[in-house]
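Fold and geometry: a report
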Amino acid sequence: MVPRRLLAGWSSSLQALGGAFSELVRAELAAFGDDLTRSGRRLGGALLLLVAALFVLFWAVGLTVYVAVEVAHQWLPRWAAAAVVLGVVTLLMALLAAIGWYRLKRLEGPSAMARRRWSSHRDWWLDQFPAAENGAGRRGDETGSGSVEPDEE
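All values reported here derive from a predicted model rather than from experimental measurement. (Residues numbered from 1 in each chain as written. Predicted model: local features only at pLDDT ≥ 70, side-chain atom pairs only at ≥ 80, totals over all residues. Heavy atoms only, no water.)

Of the regular secondary structure elements, the protein chain holds 3 helices and 0 strands. Ordering the α and β elements of the protein chain from the N terminus gives α-α-α. Buried positions account for 5% of the 153 residues belonging to the protein chain. Surface summary for the protein chain: the accessible area is close to 13800 Å², and the carbon and sulfur share equals 69%. (Helix = DSSP H or I, 4+ residues; strand = E, 2+ residues; numbered from the N terminus. Buried < 20%, exposed > 50% of the residue type's maximum accessible area, 1.4 Å probe, protein only. Areas by Shrake-Rupley, 256 points an atom, 1.4 Å probe, with all protein chains shown as cover.)

The structure is reproduced here in structure tokens:
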């Protein structure tokens, strides 16, 4: 008789614990969802402000070019002032494009990156465990022909 009551007590305790755990999980998921919603709204607002800033920057660059033409017009005819400012803006654009192109060419491709990382890890492994390099400690034949290492190209 006593063991049944003891088992029934444990059973009800475990059921209560399971119910409390499921309530906790539901409450945590609801709080997480609220946090994500709030964070998403803040992200949207921040992105909207950044787009507005880029819009203003676009027009500011145009106005800066116009002011540069008007200032150069003090010493040159208007067409010459516009040509000089156009040349400066074109040179600046070419310089920025060349720097961007140079940086793009220096980027490492995914396969080269994977190959470099694999080689680095393999070199570290062989430095830490030099016996693995000559096949010692492997099962199979002593020549190392049962190697699991990939072929290097």
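What follows covers helix H2 (residues 78-106). For H2, with 29 residues, the first-to-last C-alpha span of 42 Å sits near the 42 Å given by 1.5 Å per residue. For H2, the set of buried residues is Ala80, Ala81 and Val85. (Expected span 1.5 Å × (residues − 1).)

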